[in-house]
Amino acid sequence: MSLLSNLLGGTEEVTKGSEVSGAILSVDVGSVYTRAILLDVVDGMYRFVARGEAPTTDIPPWNNVLEGVGRAVRDITTATGRQILDDEGELIIPESAAFLGVSCFTATASAGKPVRAVLVGLMPDVSLSSGKRAAESSYLLLTDTFSLADRRSPEQQIEALMRARPDLILIVGGTDGGAVQSIRKQIDTIAMACDLMERDRRPTILYAGNRDLHGEIETRLVDDVGVNFIAADNVRPTLESEQLNSAQTYLAALYHRQKLHSGGFADMGSWSKGGIYPTAHSFSRAVHILSELDEQDILGIDLGSASTTVAACLKGTNYLNVMGSLGMGHGARGLLASKPKIESLTRWLTYEPDSADDVLDYVWNKWLFPQIVPATKNSLEMEMAMAREIIRNAALSARSGWRGVQPRGPLPAFDTILLTGSTLAQPPHYGWSALVVLDALLPLGITRIVADPYGLAAALGGVAPFSPRAVVQVLDTGAFVDLGTVISVSGRARRGDVVIRGKLKPVGANQAEVFEVQYGSIVRLPLEYGVQAELSLQTHHVDIDVGGRRRSHKFKVAGGELGVILDARGRPWRFPRDAEQRHEMNREWQRSMTQEELE
Amino acid sequence: MTSAFSFSRVTAVTGIRRVRRLPSAGVPRVSLSQPVKALDVIAVAETPGIFRMVKLGKQLRTDPKYAETCMIKRVGDVVQKGEVLALRRTSLGMRKLRAVSPIDGRIMEVDDGQVVIEGERGYQEIYASVPGKVVAMEVGEHVIIETNAALIQIAWGLGGLAWGTLKLMDTEPGLDTDAKRFNIDHRGSIVAIGSPLTEDFLKGAIDIRVKGLIASSMHSSLLPLLSKVEFPIGLTQGFGVLPMSERILGLLSTYNGREVALDMSFSPDWRNVRPEIIIPITSGQSSADARGAEQYEFRVGQQARVLQAPYLGEIGTVTELPDEMQQLGSGLWMSGAQIQMSTGETIFVPFANLEYLG
């Protein structure tokens, strides 16, 4: 039994056992790619040793994820000589000899059907919004929502439930010790609807509302109706407080249980002590660990094919939002759901599409063929334009739940932004990753941008419960690629005016490099990877929002893949109306970030 | 890595095995070995009716629990609109208070003084979707149909099923669509063109009342118009302005005038269920469906559908599988294959942009 299965089985205490000491294999089954990661002890320290990648095979003709898992794992065997699967394709666990098998296996997944769910609560702005945030921590498809604001009669709600055929009903509402009557009414409707459903089609009920009603509701739904009932902590114990962890963990467990019914997942789940975690859940855990280790506020963006995950650690609180139908492939249609203006995409291009239709057709074809990669420069620009809009929308949606943060306005100051997903973390040039995320999020002040090209973040999040040591050591030995520190300014000036004058003096260098930066530009200062330097800046007409409005700043910075980046485009900026000027501006930014000559 | 990311079939003759999943209440309406047509109903399943709740306590002006004892009908009883469900004599015995059924239906539940009545149930019909012979079935599970047919799996479709005579309007792939080619012969047939679907052509198809429409491509901006169209529409290549693949046009040309089935069912992941054009063939045998999944690796000579502009939807042949990754125009380094197109041109295409054709 895995940790997640134990949780649903009612085992209160999750036994973690002794820390793993040998090779660790982690597999993530995404909507398009299945990735395998091998961590092993080298010279007394855990390191990221090898990775394998294969197309996900949950679709015909395979209909079994193990095909893809096998191929990805065999890549690792080819690279390292370690035999991980036996002749029957079964995982060799535990490690039985040198280079034979692994000591620990962890699995995460985002592929396949989401859990169909109905959310039931009381006040739309209180319990329901907390319930929605809990639901957004996993791959859930909310098919309906019931609340006090719902004008439907109980009959209509019953009909809606019968037609929705949910796998799960998430019930929230009521502060602990608060009102009970309204919840009881909702429960009556749910009980009646469940009673009318065929016994084997009844949804699981996850109750995360007023604690005082827990026993009564359990009796009503389990004894009278016979549904599978799980109680989590109240997501809104008081009006002012929110606690989502318990509900989120149970949602992860329910996702695991649903996955076990899909081809190959049951075998994969049986290899794993933890079960099959939602990728987003593990990614969020990794962001949390990084935040704790570095004592920083960190924003993680996982731009996937079917969904986009925003995981944030801000001022000691963790947030996780999965935009289940917003992504670069399967979720591309989600980008069009809000009927965006075509200009929101074309403004990022260096060329004028023949028609608005060309832009929309590109997005629709991405939905039809989610695995495709951009083959030409123009299609790469379209892809990156989509990425900007998806990230912008996902962040806007996520921040509505961040405490003390205005829904609109500047992004709160994050020390680090971590990027994963092949569009962001495996571009033709890392300049694209930085440019896209800066354009989409418009951070201010000083931000470090880090890419996760090997898909390690979710793997490390999955490994953490079994070997925290492995996670810390792999992070210490450079799991991610540091793209560099970005200094972004706010304010307005005339395009072309010099707004930053500065000096960059690498540690040990005799001379500092002197530079000027014009308003409207983004520049990369050369500084070798990992080399520390002192950066002195004098600003004119613009501000660097760090500790008051000083004109003179001194920072210690470390070089990344892109050196050090100065974003002097101001916040906010306006795009020129003239198409040719706009194209030239985009060319300039791309050239500057990717150091490529554009036609 | 030479593994395919997705798979579809464009083939002149093949054995087709289609598993039609049934809802849990689905009951087959066919027998084993029975021949079926695409639009034959092979199973039916009950769907829930509307629900109405009657509050006995309120209507009988008494305590809900006591009101339950006044019921003259029981759970499971069939009732008609206006029929008395419960009756209570007032304390003086002068008046009778009645609770009546608001709809025709069946009493499903009596709980806490409330009666739940379910209206007449609907029926969902499950169609064969493919003409052939029933080879297996199980209540609440599936009906399996097998046939020999030409099979063309295409990029996108909408509108469900259709069965009719194929009328191909073009002999060559093209980009210009003449909308004024409809005549009375096209009424009730499945019309195919080798060029993109346009608004004018769509209006023509609606006016002449075709049974189905196959085009090479169309602009996605036409999608809102399709919501009002009552016949299925399929695109062989995808969205945009793209000519039909010569191979597909050739197959449609071969079977022009034959009865064909269109299955344009919607799928949230098109790699799972591609829309299909199925042309039943009485002779020829193939067991291609039974092929082992492990064989879906690209090899020299393999047919593949290209999924990148400007060849989106074109079918070519693998001529070489380079060992090394190659750099694309976008700057990405990818593994892939050299593909010879029907024009004779050979291009490098990453595996991610290729669909394995069976």
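Residues numbered from 1 in each chain as written. Chains lettered and ligands numbered in written order. Predicted model: local features only at pLDDT ≥ 70, side-chain atom pairs only at ≥ 80, totals over all residues. Heavy atoms only, no water.

Asker: Would you explain the overall build of chain A in this entry?
Answerer: Scanning chain A from N- to C-terminus turns up 18 helices and 22 strands. The C-alpha radius of gyration of chain A comes to 25 Å, within 12% of the 25 Å expected for a compact globule of 599 residues. Taking the principal axes of its C-alpha atoms as reference, chain A extends roughly 80 × 65 × 45 Å. Here chain A, with 599 residues, has 59% of them falling under the buried criterion. Of the contacts made within chain A by residues no fewer than 6 positions apart, 69% connect residues no fewer than 24 positions apart. Taken as a whole, chain A presents about 23400 Å² of accessible surface, with 48% of it coming from carbon and sulfur. (Helix = DSSP H or I, 4+ residues; strand = E, 2+ residues; numbered from the N terminus. Rg over C-alpha atoms; globule rule 2.2 N^0.38 Å. Buried < 20%, exposed > 50% of the residue type's maximum accessible area, 1.4 Å probe, protein only. Contact = heavy atoms within 4.5 Å. Areas by Shrake-Rupley, 256 points an atom, 1.4 Å probe, with all protein chains shown as cover.)

Asker: Sorry, what's going on with the overall build of chain B here?
Answerer: Assigned secondary structure in chain B consists of 5 helices and 28 strands. By its C-alpha atoms, chain B is 100 × 50 × 45 Å across when sized along the principal axes. Evaluated residue by residue, chain B yields a buried proportion of 53% over its 358 residues. Long-range pairs, those at least 24 residues apart, make up 61% of the contacts in chain B with a sequence separation of at least 6. Only carbon and sulfur atoms are counted for the fraction: they give 49% of the accessible area of chain B, which is about 15900 Å². For chain B, the distance from the average site of its 38 positive side-chain charges to the average site of its 39 negative ones is 12 Å. (Lys, Arg positive; Asp, Glu negative; His and termini not counted. Charge placed at Lys NZ, Arg CZ, Asp CG, Glu CD.)

Asker: Which parts of the structure should I look at to understand the sheet that holds strand S12 (residues 122–127) of chain B?
Answerer: In a beta sheet, neighbouring strands are held together by backbone hydrogen bonds and run either parallel or antiparallel to one another. Residue and element names in this part refer to chain B. On the basis of which strands lie adjacent, the open sheet formed by 3 strands has the order S3-S5-S12 and antiparallel pairing. In this open sheet, the two edge strands, each paired with only one partner strand, are strand S3 (27–28) and S12. Of the pairings in the sheet, the one linking strand S5 (residues 41–47) to S12 comprises 6 bridges and is antiparallel in character. Across the sheet, Thr-47 pairs through a bridge with Gly-122, a residue of S12. (Pairing = 2+ DSSP bridges.)

Asker: I keep staring at the interface of chain A and chain B and nothing clicks. Help me out?
Answerer: Put simply, an interface is often sized by how much accessible area is lost when its parts join up. Listed by partner, the interface residues are 48 residues for chain A and 56 residues for chain B. Counting across the interface, chain A meets chain B through 2 salt bridges. Across the pair Glu-159 of chain A and Arg-52 of chain B runs a salt bridge whose closest N-O atoms are separated by 3.4 Å. One can count 14 residue pairs in polar contact (both at pLDDT 80 or more) joining chain A with chain B. If you list the elements that add at least two residues to the side of chain A that touches chain B, you get strand S3 (45–55), helix H4 (154–164), helix H5 (181–196), helix H12 (356–368) and helix H13 (377–399) of chain A. Here the element with the most residues in the side of chain A that touches chain B is H12 of chain A; it accounts for 8 residues. Looking at the side of chain A that touches chain B, its residues break down into 26 nonpolar, 6 polar and 16 charged. (Salt bridge = Lys/Arg side-chain N within 4 Å of Asp/Glu carboxyl O. Polar contact = N/O pair within 3.5 Å; in protein donor to acceptor, adjacent residues only side chain to side chain. Nonpolar A, V, L, I, M, F, W, Y, C, P; charged D, E, K, R; others polar.)

Asker: Even after reading the chapter, I still don't get empty space enclosed by the protein, so can you show me in this structure?
Answerer: The gaps of empty space that remain are located by a probe, the size of a water molecule, rolled over the atoms. Residue and element names in this part refer to chain A. Tallying each qualifying case throughout the model produces 1 cavity of 30 Å³ or more. For the largest cavity, the calculated volume is near 30 Å³. If you trace the largest cavity, you find it lined by Thr-106, Ala-107, Thr-108, Ser-272, Gly-274, Gly-275, Tyr-277, Gly-462 and Phe-466. For the lining of the largest cavity, a count of residues per class yields 3 nonpolar, 6 polar and no charged. (1 Å grid on protein atoms, 1.4 Å probe; cavity = no way out; pocket = protein on both sides within 12 Å on 5 of 7 lines; lining within 4 Å. Points joined across faces, edges and corners; volume = space filled by probe spheres on them.)

Asker: Could you clarify how one ought to interpret the side chain of Thr-34 of chain A in this entry?
Answerer: Residues and elements named next belong to chain A. Tracing the backbone through its elements, the reader meets Thr-34 in strand S2 (residues 33–42). On the basis of relative accessibility, which here comes to 0%, the residue Thr-34 falls in the buried class. Side-chain polar atoms of Thr-34 contact the side chain of Thr-56, separated by 2.9 Å. With near-sequence residues (within four places) excluded, Thr-34 lies in contact with Val-27, Asp-28, Val-29, Gly-52, Glu-53, Ala-54, Pro-55, Thr-56, Gly-68, Val-69 and Ala-72.

Asker: Honestly, the nonpolar core in this entry has me stumped. Any pointers?
Answerer: As a rule of thumb, soluble globular proteins bury nonpolar side chains together. Of all hydrophobic cores here, the largest spans 92 residues; its most connected members are Leu-299, Trp-402 and Leu-441 of chain A together with Trp-156, Leu-197, Leu-213 and Met-218 of chain B. The element best represented in this core is H13 of chain A, accounting for 11 residues. With 79 residues, the next largest nonpolar core counts Ile-24, Ile-276, Ile-298 and Leu-475 of chain A among its residues. (Core = buried A, V, L, I, M, F, W, Y, C linked by side-chain atoms within 4.5 Å.)

Asker: Even after reading the chapter, I still don't get helix H9 (residues 279–294) of chain A, so can you show me in this structure?
Answerer: Residues and elements named next belong to chain A. Across its 16 residues, H9 extends 22 Å between first and last C-alpha, which sits within 8% of the 22 Å expected from 1.5 Å per residue. Along H9, the residues classified as buried are Thr-279, Ala-280, His-281, Ser-282, Phe-283, Ser-284, Ala-286, Val-287, Ile-289, Leu-290 and Ser-291. Glu-295 sits one or two positions beyond H9 and adopts a positive phi of about 50°. (Expected span 1.5 Å × (residues − 1).)

Asker: When you look at the packing of aromatic side chains in this model, what are you seeing that I'm missing?
Answerer: Where two aromatic rings form a pair, the distance of their centres and the angle of their planes describe that pair. Residues and elements named next belong to chain A. Under the definition given, this model contains 19 aromatic pairs over all chains. Relative to Trp-402, the ring of Tyr-319 has its centre 6.3 Å away and its plane inclined at 45°; by these criteria the two rings are tilted. With a gap of 83 residues between them, Tyr-319 in strand S13 (residues 317–323) and Trp-402 in the loop between H13 and strand S14 (416–420) connect regions that are remote in the sequence. Of the two residues, Tyr-319 and Trp-402, both sit in the buried class. Grouped by ring-pair contacts, the aromatic residues Trp-348, Trp-573, Phe-575 and Trp-589 constitute a single cluster. Seen from the ring of Phe-99, Arg-82 lies directly overhead, with NZ or CZ sitting 5.1 Å from the centre. Lying over the aromatic face of Tyr-277, Arg-285 brings its terminal NZ or CZ to 5.0 Å of the ring centre. (Phe/Tyr/Trp six-rings, centres within 6.5 Å; stacked < 30°, edge-to-face > 60°. Lys NZ or Arg CZ within 6 Å of the ring centre and 35° of its normal.)

Asker: When you look at the environment of Cys-194 of chain A in this model, what are you seeing that I'm missing?
Answerer: Residues and elements named next belong to chain A. Inspection of the secondary structure assignment puts Cys-194 in helix H5. In this structure Cys-194 comes out as buried when scored by relative accessible area, which is 0%. Spatially, the C-alpha atom of Cys-194 lies 56 Å from that of Val-489, the residues being 295 residues apart in sequence. Excluding anything up to four places from it in sequence, Cys-194 contacts Ile-169, Arg-202, Pro-203, Ile-205, Val-225 and Val-227.

Asker: Just to check I follow, could you spell out the domain arrangement of chain B for this structure?
Answerer: Annotation of chain B at the domain level lists domain 1 (7–45 + 126–280), domain 2 (51–119) and domain 3 (298–357). Relative to domain 3 of chain B, the C-alpha centre of domain 2 of chain B lies at a distance of 70 Å. (Domains from an automatic or database assignment.)

Asker: Whenever I open this one, a negative patch on the surface confuses me. Can you help?
Answerer: Taken together, the side chains of Asp-87, Glu-88, Glu-90 and Asp-267 of chain A make up a negatively charged region of the molecular surface. Note that Asp-267 of chain A resides in helix H8 (residues 265–271). (Patch = residues over 30% accessible without salt bridge, like charges linked within 9 Å, V, L, I, M, F, W, Y side chains within 5 Å.)

Asker: Please clarify how the sheet that holds strand S15 (residues 445–451) of chain A should be interpreted in this entry.
Answerer: Residues and elements named next belong to chain A. Here we have 8 strands laid out as an open sheet, ordered S13-S12-S11-S14-S15-S16-S22-S19, and mixed in their pairing. Only two strands of the sheet have a single neighbouring strand rather than two, namely S13 and strand S19 (521–525). For this sheet the average axis-to-axis angle between neighbouring strands, irrespective of direction, equals 20°. The pairing of strand S11 (residues 298–303) with strand S12 (residues 308–314) spans 6 bridges and is antiparallel. Residue pairing across strands places Ile-301 opposite Val-310, the latter belonging to S12. Sheet strands touched by H13: S11, S12 and S13. Its angle to S12, the strand with the most contacts, is close to 50°. (Axes fitted to C-alpha atoms, helices over the stretch in contact; angles between N-to-C directions.)

Asker: I would appreciate a short explanation of the pairing of strand S26 (residues 336–340) of chain B in the present structure.
Answerer: Residues and elements named next belong to chain B. A large share of S26 lies buried, amounting to 4 of its 5 residues. Pairing geometry for strand S23 (residues 315–320) and S26, over 3 bridges, is antiparallel. In the strand pairing of S26, Thr-317 is matched with Gln-340. As paired strands, S26 and strand S27 (residues 346–350) are joined by 5 bridges and run antiparallel to one another.

Asker: Explanation requested: the confidence of the model for chain B in the structure shown.
Answerer: Low pLDDT marks regions whose predicted coordinates should not be analysed in detail. In the predicted model, chain B carries a mean pLDDT of 90, and the fraction of residues at 70 or more is 95%. Segment residues 290–294 of chain B: pLDDT under 50, and 5 contacts once partners within four positions in sequence are set aside and those in other chains are kept. (pLDDT = per-residue confidence, 0-100.)

Asker: Explanation requested: helix H16 (residues 456–463) of chain A in the structure shown.
Answerer: Counting along an α-helix, one turn takes 3.6 residues, and residues three or four places apart therefore face a common direction. Here H16 of chain A lies mainly inside the structure; 8 of its 8 residues are buried. Within the span of H16 of chain A, buried status applies to Leu-456, Ala-457, Ala-458, Ala-459, Leu-460, Gly-461, Gly-462 and Val-463 of chain A.

Asker: When you look at the environment of Gly-132 of chain B in this model, what are you seeing that I'm missing?
Answerer: All names here are of chain B. Checked against the element boundaries, Gly-132 lands in strand S13 (residues 132–138). Since its relative accessible area comes to 16%, Gly-132 is described here as buried. Along the sequence, Gly-132 and Leu-252 sit 120 residues apart, while their C-alpha atoms lie 20 Å from each other.

Asker: For this particular structure, what's the right way to read the side chain of Asp-144 of chain A?
Answerer: Residue and element names in this part refer to chain A. Inspection of the secondary structure assignment puts Asp-144 in strand S6 (residues 140–146). Polar side-chain contacts of Asp-144 include one of 2.9 Å to the side chain of Arg-152. The residues contacting Asp-144, other than those within four sequence positions of it, are Ala-117, Val-118, Leu-119, Arg-152 and Ala-160.

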